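# Structure assessment
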Amino acid sequence: MSFIALFLPASISMMIRHKRNRNLKWSIPESIMEYAILVMANVLISQCIVVYVLGIGQVDMTAFQSFPFFTKYLVISMSIAWLTPYIEEIVRKYINVSFSVEDSNDFQNKTGQS
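No experiment lies behind these values; they were computed from the predicted model shown.

The rules we used
- Residues numbered from 1 in each chain as written.
- Predicted model: local features only at pLDDT ≥ 70, side-chain atom pairs only at ≥ 80, totals over all residues.
- Heavy atoms only, no water.
- Helix = DSSP H or I, 4+ residues; strand = E, 2+ residues; numbered from the N terminus.
- Buried < 20%, exposed > 50% of the residue type's maximum accessible area, 1.4 Å probe, protein only.
- Contact = heavy atoms within 4.5 Å.
- Areas by Shrake-Rupley, 256 points an atom, 1.4 Å probe, with all protein chains shown as cover.
- Lys, Arg positive; Asp, Glu negative; His and termini not counted.
- Charge placed at Lys NZ, Arg CZ, Asp CG, Glu CD.
- Phe/Tyr/Trp six-rings, centres within 6.5 Å; stacked < 30°, edge-to-face > 60°.
- pLDDT = per-residue confidence, 0-100.

On a plain count of helices and strands, the protein chain comes out with four helices and zero strands. The order of α-helices and β-strands along the protein chain, N terminus first, is α-α-α-α. Principal axes of the C-alpha set define a box for the protein chain whose edges measure 70 × 35 × 25 Å. Across the 114 residues of the protein chain, 25% fall into the buried class. Of the contacts made within the protein chain by residues no fewer than 6 positions apart, 72% connect residues no fewer than 24 positions apart. When the accessible surface of the protein chain is split by element, carbon and sulfur atoms take 65% of a total near 8,600 Å². The centroid of the 9 positive side-chain charges in the protein chain is displaced by 14 Å from the centroid of its 8 negative side-chain charges.

Looking now at the packing of aromatic side chains. If you walk through the whole model with that rule in mind, you get six aromatic pairs. When the centroid spacing of 5.0 Å and the interplanar angle of 85° are considered together, the rings of Phe64 and Tyr73 count as edge-to-face. When its relative accessible area of 3% is taken as the criterion, Phe64 is described as buried. Taken together, the aromatic side chains of Phe64, Phe69 and Tyr73 make up a single cluster linked through ring pairs.

It is worth spelling out the confidence of the model for the protein chain at this point. Taken over all residues, the pLDDT of the protein chain has a mean of 84, while the share at 70 or more is 90%. The secondary-structure element of the protein chain with the lowest mean pLDDT is helix 4 (residues 104–111), recorded at 63, while helix 2 (residues 28–53) shows the highest, at 90.

This is the structure we're talking about:
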């Protein structure tokens, strides 16, 4: 049950992400890397919600053997998995980070320092 709870939500995120962005390619190395990143993101967010919002501490692999906890975690992680591609799309659309790198010699020449 623990493998289902940990690895199934990332496949849902991946399918939604590829359905929303038709220009994404399905190559094996890129898909494995994308899946690994989605697994880590979904598990991290789900664990944060379980531990900090719901206040359930001492969560480890043995906790997934309890069916009530398994179903709660699966509902939370499926919700996160469904939201993750949309959140990523919003962040990519509205948040832009850019920077430039200059050679230190060029900077010194512009400022007149030697």
